[in-house]
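These are the residues of each chain, in order.
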There are 2 protein chains.
Amino acid sequence: MQRRVAILGGAGFIGTNLTRYLQKSFAEIVVIDNNSNSSAFFEAVTKEFTNVRLVKVDVADLESLTNSLSGCDSVIHLASNADIAAAAVNPVIDFENGTYLTSNALEASRRAGVSRFIYASGSGVYGDTEGPHSESDASLAPISTYGASKIAGESLVAAYSYRFNMIGRVFRFANVVGPMQTHGVSFDFINKLKKDRTRLDVLGNGTQNKSYIWVDDVSEALKFGLMDDQSLQFDVFNVASEDTITVREIAEIVVEAMFGDRHQTKINYASTNEGWPGDVPYIRLNNLKLKSKNWNPSRSSRQAIEESVNSMISQI
Amino acid sequence: MQRRVAILGGAGFIGTNLTRYLQKSFAEIVVIDNNSNSSAFFEAVTKEFTNVRLVKVDVADLESLTNSLSGCDSVIHLASNADIAAAAVNPVIDFENGTYLTSNALEASRRAGVSRFIYASGSGVYGDTEGPHSESDASLAPISTYGASKIAGESLVAAYSYRFNMIGRVFRFANVVGPMQTHGVSFDFINKLKKDRTRLDVLGNGTQNKSYIWVDDVSEALKFGLMDDQSLQFDVFNVASEDTITVREIAEIVVEAMFGDRHQTKINYASTNEGWPGDVPYIRLNNLKLKSKNWNPSRSSRQAIEESVNSMISQI
């Protein structure tokens, strides 16, 4: 079958890597993006592959989005606010650039006759409770509007799947890292150290301990979502490595990778274990459900951080 | 303390009863409503009580809503799409008149300095699974966009409560019945029989079996939400009677109450147990958590249906 797959928000960090990954296996990749957050590398990807097409449409524009999905059998919805911390002072960001976009993406997909909808969710659905979390642990009590937007998004995918006979698949990512990153903790550290190599001010006390996932492992999970059989109308999977790594370890990795020596940089920690209001300091996800589908992470959290840091430094 | 309580969507069926109930205990009740669905009885209530004030503002209008909440310590948010079945063909109704209004209500409350937010949720958060449901049974897999809107709404209340130091309370109502109803299964039956007493066409096969709750019991639960101590930032309660009643039984109650004899009316049933696409045919909620707070339903489901039917017939 000649499949045409649309990626909403596909010109950002995950989307650029995903587009490159999926173009090998599908007839056409339609990247729909408003370019608000687009990766500097995305242009190269569209030029490199003839079966990748960029459509500059805002997911908030229901009519244009519906038109641009014409002929697509599947949608992968990545479009979302990328700056989680910003919502601490302006919480409607997570609604307008989160829940609202997901509602629009689903409604446009329904109207365009899309048969499969894949949603990028995250660990925020588990609230601030002890992990490792299995998929069934998600509650309706998030501690941030980012978490609320992911819960709302997942629930909308479920409702549209059951109601309108779409296949719905949700993937809850750990922290995604890899080439061409545009944000994230190590990205921030590298940029701070480029300005001043003598000191590194860390948000939080460095004990935050989270699971990271290599971006190609995320792409492989989403590809599984495109291929998964239709026996279940709706299903949910965590996408994470088994281990975790602390912010303190990441800071030391970045300093050593940049300067070959960590002793000329003073790393300063704050007193709280929250990086920002609403940050969940400890995130560990159970990945056994996706592993039972023959998916396996290619890198541990530490390996993923080390490789992404080296990649970002070489890009500077 | 002189408390000023705002009720969003307060001119509808539940709101009219709630306003009358709460005005005895609070200094001022501010009813905020766009009058799209307002009860014919609400006008009488505003005239009867000098401490009830109606403000005609749409909850979708963030700026006007923020202004109208000035000086209110608590908000009860009832504004929502009342026609659940309509979303089966136009699912964005549940988003625009559900999730979106809740996001706006919370953001306006935050900006206006409201310290307590009470949200009217429903059984849709439990999806199509076997009950009786305890509060912790809610999942992120609703089968209707109505359910998705309630899950999204609850999650937003939790996030705002934890993030912005508001007290958040969620109440999941069974089917609410009572005087001045403007919709619902027995309301529909009465209106059909007014047009043709010889036949009653029932949506579904009559085996749908749900819990009903008397509207004053809902008001008492919401009053508890206004008074509940602040030891928990966020909490959730079912509001339901213990028993259930089938649609077939309700049809027979209505016919007998209207005509004193059920044998001159032919009751016709459809073949499916869904009243409409996305209807959950069996709804039973565990009410022990709210009962542990000294709340008790004054009527069983059958008593609540019988009394509300008699009330509606006498109003015709």
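Residues numbered from 1 in each chain as written. Chains lettered and ligands numbered in written order. Predicted model: local features only at pLDDT ≥ 70, side-chain atom pairs only at ≥ 80, totals over all residues.

A. How the structure looks around the overall build of chain A. A count of helices and strands for chain A gives 10 helices and 14 strands. Rg of the C-alpha trace for chain A: 19 Å, near the compact-globule value of 20 Å for 316 residues, within the 12% margin. Expressed along its principal axes, the backbone C-alpha trace of chain A runs to roughly 60 × 45 × 40 Å. Buried residues in chain A amount to 54% of all 316 residues. Across chain A, contacts joining residues at least 24 apart in sequence account for 80% of those joining residues at least 6 apart. (Helix = DSSP H or I, 4+ residues; strand = E, 2+ residues; numbered from the N terminus. Rg over C-alpha atoms; globule rule 2.2 N^0.38 Å. Buried ≥ 20, exposed ≤ 12 C-beta atoms within 10 Å, placed from the backbone. Contact = placed C-beta atoms within 7 Å.)

B. Representation of helix H7 (residues 215–227) of chain B in the model. Spanning 13 residues, H7(B) covers 19 Å between terminal C-alpha atoms, matching the ideal 18 Å at 1.5 Å per step. Taken residue by residue, H7(B) has Val215(B), Asp217(B), Val218(B), Ser219(B), Glu220(B), Ala221(B), Leu222(B), Lys223(B) and Gly225(B) as its buried positions. (Expected span 1.5 Å × (residues − 1).)

C. Representation of the packing of helix H6 (residues 185–195) of chain A against helix H8 (residues 247–259) of chain A. All names here are of chain A. Direction vectors running N to C along H6 and H8 enclose 45°, while the axes themselves pass 10 Å from each other. The orientation of H6 with respect to H8, classified from their angle, is oblique. Pair H6 / H8 crosses with right-handed handedness. Between H6 and H8, the contacting residues are Val 185, Ser 186, Phe 189, Ile 190 and Leu 193 on the first element and Val 247, Ile 250, Ala 251, Val 254, Val 255 and Met 258 on the second. Along the lines of polarity and charge, the residues of the contact of H6 with H8 split into 10 nonpolar, one polar and no charged. (Axes fitted to C-alpha atoms, helices over the stretch in contact; angles between N-to-C directions. Parallel < 35°, antiparallel > 145°, perpendicular 65-115°, else oblique. Left-handed = near helix turned anticlockwise from the far one by under 90°. Nonpolar A, V, L, I, M, F, W, Y, C, P; charged D, E, K, R; others polar.)

D. Geometry of the relation of the copies chain B and chain A. For the pair chain B and chain A, the best superposition has an RMSD of 0.0 Å and corresponds to a rotation of 180° with a translation of 0.0 Å parallel to the axis. The superposition of one copy onto the other is thereby described by a two-fold rotation axis. Taking C-alpha positions as the reference, the residue of chain B nearest the rotation axis is Ala152(B), at 2.1 Å. Residue by residue, 100% of the interface of chain B is reproduced at the interface of chain A, so both copies engage with the same surface. (Least-squares fit on C-alpha atoms with pLDDT ≥ 70 in both.)

E. Broad picture of unusual backbone geometry. Residue and element names in this part refer to chain A. If you check the backbone angles, Met 180 has positive phi at about 70° while not being a glycine. With respect to the secondary-structure elements, Met 180 resides in the loop between strand E7 (175–177) and H6. A count of 22 C-beta atoms within 10 Å places Met 180 in the buried class.

F. Expanded view of the interface of chain B and chain A. At the junction of the two partners, chain B supplies 28 residues and chain A supplies 28 residues. Where the side of chain B that touches chain A is concerned, the elements lending two or more residues are helix H4 (92–112) and helix H5 (145–164) of chain B. Along the lines of polarity and charge, the residues of the side of chain B that touches chain A split into 18 nonpolar, seven polar and three charged.

G. Representation of H5(B) in the model. Residue and element names in this part refer to chain B. Taking 1.5 Å of rise per residue, 20 residues should cover 28 Å, and H5 covers 28 Å from first to last C-alpha, within 8% of that figure. Across the 20 residues of H5, 19 count as buried, placing the element largely inside the fold. The first or second residue beyond H5 is Asn 165, which carries a positive phi of 60°.

H. Broad picture of the domain arrangement of chain A. All names here are of chain A. Taken domain by domain, chain A holds domain 1 (4–176 + 212–239) and domain 2 (183–210 + 243–283 + 299–315). When each unit is reduced to the centre of its C-alpha atoms, the spacing between domain 1 and domain 2 is 27 Å. At the interface, 15 residues of domain 1 touch 14 residues of domain 2. Tallying contributions element by element places strand E10 (residues 212–214) first for the side of domain 1 that touches domain 2, with three residues. Of the residues that constitute the side of domain 1 that touches domain 2, the class distribution is nine nonpolar, four polar and two charged. (Domains from an automatic or database assignment.)

I. Layout of the packing of H6(A) against helix H10 (residues 301–315) of chain A. Residues and elements named next belong to chain A. Their axes nearest at 10 Å, the elements H6 and H10 cross at an angle of 40°. Classified by the angle between their axes, H6 and H10 sit oblique to one another. Like other packed secondary-structure pairs, H6 and H10 cross with a definite hand, here right-handed. Contact residues: Ser 186, Phe 187 and Ile 190 in H6; Ile 305, Ser 308, Val 309, Met 312 and Ile 313 in H10. Looking at the contact of H6 with H10, its residues break down into six nonpolar, two polar and no charged.

J. How the structure looks around the sheet that holds strand E6 (residues 167–173) of chain B. Residues and elements named next belong to chain B. Taken in spatial order, the seven strands make up an open sheet running E3-E2-E1-E4-E5-E6-E11, and their pairing is parallel. Two strands in the sheet have a free side with no partner beyond their single neighbour: strand E3 (52–56) and strand E11 (234–239). Direction aside, the axes of adjacent strands within the sheet are offset by 20° on average. The sheet contact formed by E6 and E11 spans six bridges and is parallel. Across the sheet, the residue bridging to Val 170 is Val 236, located in E11. (Pairing = 2+ DSSP bridges.)

K. Representation of the sheet that holds strand E12 (residues 245–246) of chain A within the structure. Residues and elements named next belong to chain A. One open sheet holds the three strands; their spatial order is E12-E9-E14, and the pairing between them is mixed. Strands with a single pairing partner mark the edges of an open sheet, and in this sheet they are E12 and strand E14 (282–283). Where strand E9 (residues 209–210) meets E14, two bridges bridge the pair, whose relative direction is parallel. The residue of E14 that forms the bridge with Asn 209 is Tyr 282.

L. The arrangement of the environment of Val177(B) in detail. The topology assignment puts Val177(B) in strand E7 (residues 175–177). Apart from residues no more than four positions distant in its own chain, Val177(B) is found in contact with Gly184(B), Ser186(B), Tyr212(B), Trp214(B), Val215(B), Ala304(B), Ile305(B) and Ser308(B).

M. Structural view of the confidence of the model for chain A. In the predicted model, chain A carries a mean pLDDT of 93, and the fraction of residues at 70 or more is 98%. The complex model carries a pTM of 0.94, and its ipTM stands at 0.92. (pLDDT = per-residue confidence, 0-100.)

N. How the structure looks around the pairing of strand E5 (residues 116–122) of chain B. All names here are of chain B. In terms of burial, E5 is a largely internal element, seven of the seven residues being buried. Of the two faces of E5, both are covered, the one formed by Arg 116, Ile 118, Ala 120 and Gly 122 as well as the one formed by Phe 117, Tyr 119 and Ser 121. As paired strands, strand E4 (residues 74–77) and E5 are joined by four bridges and run parallel to one another. Pairing of Ile 76 across the sheet is with Ile 118, part of E5. Direction of pairing for E5 relative to E6: parallel, over a ladder of seven bridges.

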